[in-house]
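# Coordinate analysis (summary)
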Amino acid sequence: MLDFAWMAWTWQTAIFFVVIAGLLALMTALAVWRPETEKVGILRIPTTRGDRLFLTLVGAAFINLAWLGLVGPSLEWALALSLVYGAVMFRFA
């Protein structure tokens, strides 16, 4: 039997991984039902939905890390900023 006692599994960590798995499943379903087409937006590079998801996740990680370092441990506004960033990335990138 595997011993996962060394991992810091909390309900927040579980939600994080469930959301990432859900996003990947959603992107897969969208790729099957509505094939992707590359789009050139404000980044001036051709991107697919998967590219925009990756850029959104990386950007959200940087937003949250910067928020932790500059503002403190209260991440509600960082989450809101990350959601706005994600919406902008999917709409205009």
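This one's a predicted model, so the numbers in the text were calculated from it and none came from an experiment.

Analysis parameters
Residues numbered from 1 in each chain as written. Predicted model: local features only at pLDDT ≥ 70, side-chain atom pairs only at ≥ 80, totals over all residues. Heavy atoms only, no water. Helix = DSSP H or I, 4+ residues; strand = E, 2+ residues; numbered from the N terminus. Expected span 1.5 Å × (residues − 1). Buried < 20%, exposed > 50% of the residue type's maximum accessible area, 1.4 Å probe, protein only. Arc of directions from axis to C-beta. UniProt positions renumbered as here; feature names shortened; annotations may be inferred.

### Notes on helix H3 (residues 76-92)
- Helix length check: H3, at 17 residues, gives a terminal C-alpha distance of 24 Å against a target of 24 Å (1.5 Å per residue), a fit within 8%.
- Where H3 is concerned, the buried positions are Ala78, Ser82, Gly86 and Met89. Along the axis of H3, the buried residues cluster in a sector spanning 80°; they form a single face. Residues of H3 that are exposed and point over 90 degrees away from its buried face: Glu76, Trp77, Leu83, Val84 and Arg91.

### Side note on the UniProt feature "transmembrane region" (unreviewed entry) in the protein chain
- Sequence positions flagged by UniProt for "transmembrane region" (unreviewed entry) are, in local numbering, residues 6-33 and 53-71.
- As a span, residues 6-33 carries 82% helix and 0% strand, and end to end its C-alpha atoms are 40 Å apart.
- Secondary structure over residues 53-71 splits into 95% helix and 0% strand, and the C-alpha atoms at its two ends are 26 Å apart.

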